[in-house]
Every structure is written in structure tokens, then in C-alpha cells.
Amino acid sequence: MRYAHAVDEVRAAEAALMARLPEGTLMQRAAAGLAAVCAQLLGGLYGSRVLLLVGSGDNGGDALYAGARLARRGAHVTAALAAQKTHPEGLADFRAAGGRVLDYARLESLLSPGEGSAPSSAARRAFEGTDLVIDGLTGIGGRGALRGLYGALVRALPEEAAVVACDIPSGVDADTGEVADTAVRADVTVTFGTLKPGLLIDPGAAHAGVVELVDIGLTGLPEPAVIAPATADVRPPRPEAETDKYRRGVVGVIAGGARFTGAALLSVGAALRGGAGMVRFASAARVVALVDARWPETVTTVLPEAAPGDDTEPDLDAVGRVQAWVVGPGLGVDARGERLVKATLRSEVPVLVDADGLTVLAGLPAGVRRALLDRRAPTLLTPHAGELSRLLNVGRDQIEARRLVHVRAAAAGLGVTVLLKGSTTLVADPGGQVRANLTGTPWLATAGSGDVLSGLAGALLAQGVDAADAGAWAAHLHGLAARIAAAPRRGLAPAPITAEDVLAALPEAFAQLS
Ligand SMILES: NC(=O)C1=CN([C@@H]2O[C@H](COP(=O)(O)OP(=O)(O)OC[C@H]3O[C@@H](n4cnc5c(N)ncnc54)[C@H](O)[C@@H]3O)[C@@H](O)[C@H]2O)[C@@H](O)CC1
Ligand SMILES: Nc1ncnc2c1ncn2[C@@H]1O[C@H](COP(=O)(O)OP(=O)(O)O)[C@@H](O)[C@H]1O
Ligand SMILES: [K+]
């Protein structure tokens, strides 16, 4: 499990620890860890060229002390001072170690705009041949878009240099992962004491690269703001010797309609491979016929088409008993879809609402929606940013830029567990606990892969897994399966995949859990 704590909590824990330790101890621990990672990346230090980006705060102090350590071991280190005033003791130590200083005035003239917004050729020349950049512009104190020389300096960095960010890539909001404008793109981020949420959530996570945690002795941290399960933390139930198909859990899938049939096939397939003892499927005759043909192990029910004007509730008892419902993939957003979503939510078992089911929910009057979601059994909604945008009435771009805020708002506002899909999948429960998913690949952004996720999570719900774990574990397995499908053998470059490929790789993803 990886744990990420909010900035305020980190500061409080640091303050308590600093009060017990000689001054400067924590910064030395941080700098030692940072320098060790840089030395490892560089291989040989002798003759290597290192550039420090030094901001006005303690993040710059870490970079200066780390730079001094590398200089003492033979590296040529230059500190670009991007603020008029930088950490004085760190700077003194850096100079004493033989580091070269590019002071603020000189840096400012190097960065003075060349043609258009491109970095001036003077800055390009000055930074040419850099092997490694250490980014110490802003850490947990960074707020908003990079100001002053910071942005121009980041844009002028040589592309070929490796970049190590100190604590968090500058320009990324440590609490949320939001990026207002220019931000450092790091190969490695060396973070101190605990992870910060912005390292786990896009767009920040994509800027952080590999995250290395350095122990600085921080203790007494409260509950993390975000947790990210590792593969070892994903523990779906395993059948006991004397189990039977009913005891393992039966999942009911209601999916597909007049327009879409593929979603039903994918969702049912994933439910079957997700470890439930049985899958029941109910839909229109045409969809049922397809499911029967593709997945003969499914127990299917044809739901009678309602006559126009007939608004009687569908009879879910006719489908048989289930331990969880999945409703929505390819369902359609017409009156029939609405009646089916309402019927499942009125049941007393866990319900996962996905895809068209979510659009139906978004279209209901707020009071009706609230009453439907006010249920005792767990409810898990699995929107992508577009679906969440309809539920919250917030622009899709806003949701993608500020995932954490919006997934929390949705879970708290609707009183249910919400899994927000996308480049970072987040699962929030109404109490504010958030899980971030660490697996997956951008190749997963392919039509139908969400339907696989819903079937898989539904199967976990039917096996008695709580909504937050069902969502987080399903996302983890789904991401593992996608990686296996995209690069089936070690050393192969990832290739395009289909949702069917993800479905086919689910057994191997489960096998990786043991
Ligand atoms: N507090 C501690 O005990 C420790 C802190 N450490 C380091 O200290 C960092 C925090 O240091 P600080 O609190 O000084 O904060 P930072 O160094 O992260 O940033 C604060 C400074 O950056 C400026 N700034 C903020 N946003 C900016 C923006 N968008 N554009 C331009 N300038 C901006 C502020 O005006 C302020 O001067 C941590 O991230 C970590 O690297 C480590 O040494 C470990 C111990
Ligand atoms: N950039 C990305 N990187 C990794 N995973 C992604 C990315 N974009 C989307 N995904 C994942 O792909 C799946 C797409 O699901 P969804 O949007 O519901 O598509 P569909 O409705 O076509 O099935 C989700 O699991 C989502 O988290
Ligand atoms: K930084």
C-alpha cells in the first residue's frame, strides 16, 4: 500500500519532529536521500554535469545540499538561482563544496525571451550537455502557476537530461495533482516522509515519473488523504473447498438494449471471470440471444418489452436471486432504461450503476435521485469524466483537471461510493477516503474497456467485497489485465489492445495476486 498525506498534515508532523531534533537534521536527511538517488541514476559521478533549479524555499535548500554532496563526489554541479533569495545555509554549503552558481541576474538575462515563446538560444547553450537536472523550485509550498523565472527556466531545460524532482515536480499541486500551467516533467521524484496526493493523481502523477520515498523519520501521521493499493493488497475472496456456486455469489447483469449489444457481452464476460459463482443476465430478447450464444454458462431472462405508456416496474424477481446487480452498460437512456435502473436500486443488494445507467440517474430530478440512492446496501457508481460531468453539472475538462476534488464531491454529495475512471482511476467513499489506482496503461482508453470493469467490480460486490474495495480491486485487476494484454511477454513494447483482450487477460491478472 502506498500512503499519501495532505500538505497540512505533513507540515504538522514535520514540525513536531523538528522540535525534537537538532536544527537542519530533516533537511540533511532529505538531501542525503535525494543525492543517493541522483548518484544511482548517473552511474559514475566523476565528470557528470548536474544542474540544480533552486527556488526560494526549503525545496531549494534540499536541492542545494544534495548538489553539494554530488559536487564533493566529483560531479560538476551548477545551481541556477531562480529567486533573488535562496536558502542561505544551503547555498553556503554548495559554494564550499565547489559548486558553480548561476545567480539570479545572470539567469534572468539568459532566459530573456528569444523569438516567440521558445527558450532563448543563450539558455539552450548554457544548459547543453547537462546529464541530470534536480528540480528544487517548489515543493509542498508551491501554489498555482509557476511565477517569476520558474516557468521560463523549466521550459528551457535540455530534453536529453534526466530530471529528478525534489519532493514533488514544481508546478504540480501537492494536495491534488492539479497543474495550472508549466510543470516539471520528472523521470524520478524523490519524496520525503510520505507520498503527497499529487504524486498519485493525474495530471500530477504523469509529471512525477517513478516515485521514490525517502524515510526522514516522520512519525505520528494521521489517516492518509489517499491510499493506493499494491498488488499484494488486492485480496478478492478465494473459494473454500466446500463452497458451491450460490455461496460464491451470484451477480445479476442488466445491460444492452435496442442500440448496443457489445457492452452486455463484455460486462457479462468480466462478471464470469471475476470470481462470482454464477451470472444471471436480463435484457431484451435480441441481447439475450447474443449472450446465450457467447456465454452459455450465463442464466438468462428475457425482459418483456413494455408497451408504450406502460410504466409498471420490471419484475426483477423473475430474473432470480442475486447478491449484486450491475446495471447500465449499453442499456439506453429511454423510459425502459430508467425503469430498470430504478428497480435495481430499490432492491436490497449491492448495486453498481455504470454507463447509460449513470446518464439516467443524472437526468432524474435531484429529489428522486437522492431517494433512490438512499439505500442500506452498498452502491457503487462508475462514471468516466463525461458521465460525472452530467451528474455534478460541472464541465468535463474541469473534472479531468481536478479529479480528486470532484470525485470526493460526488461521493459526499450523492452519499455513495464513486469510482471515477480515466488516466487515473480514483475511488471515493462518502466519508472522504480516496483510493488511487496504480495499474493500467493508456492503451486501456479503448471502447468497451469500461464495460469489462463494471462486470468485474460487480462480481466482487456479489462476493461480499465492500464497495470501495470492489472498485479499487477491480480497477487494479483491470489495469493489470490491460498491461498483460498490451505486452504479453517481458521485453515486448506495449501494443494496442481491445476490450476483448483485457477480458481474456483477466485470469492471468488474478494469477498475479497470489
Ligand atoms: N519542512 C520540513 O521539515 C522539511 C521540508 N523539506 C523540504 O521543504 C519543502 C517545503 O519548503 P517550503 O515550505 O519552504 O516551500 P517550497 O520550497 O515548496 O516553496 C515555497 C516558496 O516558493 C514560493 N512559491 C510558491 N509557489 C510558487 C509559484 N507558483 N511560483 C513561484 N514561486 C512560488 C513561495 O513564495 C515560497 O518562497 C518540502 O517540499 C521539502 O522539499 C525537506 O527538507 C524535509 C524537511
Ligand atoms: N489515459 C488513460 N490511461 C489509462 N487508463 C485509461 C485512460 N483513459 C481511460 N482509461 C481507462 O479505460 C477505461 C475506459 O472506460 P470507459 O470510459 O467507460 O469506456 P467505455 O465506455 O468505452 O467502456 C476505464 O477503465 C478508464 O479508467
Ligand atoms: K520540486
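The structure presented is a predicted model; accordingly, all values stated were derived computationally and were not measured.

A. Spotlight on the overall build of the protein chain. The helix and strand inventory of the protein chain stands at 20 helices and 18 strands. Overall, the C-alpha framework of the protein chain stretches about 85 × 50 × 45 Å when taken along its three principal axes. Of all 514 residues assigned to the protein chain, the portion counted as buried reaches 57%. Put simply, of all contacts in the protein chain between residues at least 6 apart along the chain, 71% involve residues at least 24 apart. Looking at the protein chain as shown, the accessible area adds up to about 21800 Å², and 50% of this sits on carbon and sulfur atoms. In the protein chain, which carries 48 positive and 54 negative side-chain charges, the distance between the mean positions of the two groups comes to 2 Å.

B. Structural context of helix α20 (residues 499-511). End to end, α20 covers 19 Å across 13 residues, agreeing with the expected 18 Å (1.5 Å per residue, within 8%). The set of residues buried in α20 consists of Ala 499, Val 502, Leu 503, Ala 505, Leu 506, Ala 509 and Phe 510. Those residues of α20 that are buried are in contact with α10 (262-273), α18 (449-462) and α19 (467-486).

C. Fine view of the packing of helix α3 (residues 58-72) against helix α4 (residues 88-96). At a minimum axis separation of 8 Å, α3 and α4 run at an interaxial angle of 10°. It follows that α3 is roughly parallel to α4 by the angle criterion. Here α3 contributes Leu 64, Tyr 65, Gly 67, Ala 68 and Arg 72 to the contact with α4, which in turn contributes Glu 89, Gly 90, Leu 91, Asp 93, Phe 94 and Ala 96. The residue inventory of the contact of α3 with α4, partitioned by class, reads 6 nonpolar, 2 polar and 3 charged.

D. Inspection of the UniProt feature "binding site: K(+)" (unreviewed entry) in the protein chain at higher detail. Mapped onto this numbering, the UniProt entry annotates "binding site: K(+)" (unreviewed entry) at Asn 59, Asp 135 and Ser 170. In sequence the annotated residues extend across 112 residues, while in space they remain close, none of their C-alpha pairs exceeding 9.6 Å. If you take the residues mentioned a moment ago, the ones lining the second largest pocket come down to Asn 59. Residue position: Asn 59 is located in helix α3. In this view, Asn 59 contacts Asp 135, Gly 136, Leu 137, Thr 138, Gly 139, Cys 166 and Asp 167; residues no more than four positions away in its chain are not counted. Beyond its immediate stretch of four places on either side in the chain, Asp 135 contacts Leu 53, Asn 59, Val 164, Ala 165, Cys 166, Ile 168, Pro 169, Ser 170 and Val 184.

Cut-offs applied
- Residues numbered from 1 in each chain as written.
- Chains lettered and ligands numbered in written order.
- Predicted model: local features only at pLDDT ≥ 70, side-chain atom pairs only at ≥ 80, totals over all residues.
- Heavy atoms only, no water.
- Helix = DSSP H or I, 4+ residues; strand = E, 2+ residues; numbered from the N terminus.
- Buried < 20%, exposed > 50% of the residue type's maximum accessible area, 1.4 Å probe, protein only.
- Contact = heavy atoms within 4.5 Å.
- Areas by Shrake-Rupley, 256 points an atom, 1.4 Å probe, with all protein chains shown as cover.
- Lys, Arg positive; Asp, Glu negative; His and termini not counted.
- Charge placed at Lys NZ, Arg CZ, Asp CG, Glu CD.
- Expected span 1.5 Å × (residues − 1).
- Axes fitted to C-alpha atoms, helices over the stretch in contact; angles between N-to-C directions.
- Parallel < 35°, antiparallel > 145°, perpendicular 65-115°, else oblique.
- Nonpolar A, V, L, I, M, F, W, Y, C, P; charged D, E, K, R; others polar.
- UniProt positions renumbered as here; feature names shortened; annotations may be inferred.
- 1 Å grid on protein atoms, 1.4 Å probe; cavity = no way out; pocket = protein on both sides within 12 Å on 5 of 7 lines; lining within 4 Å.

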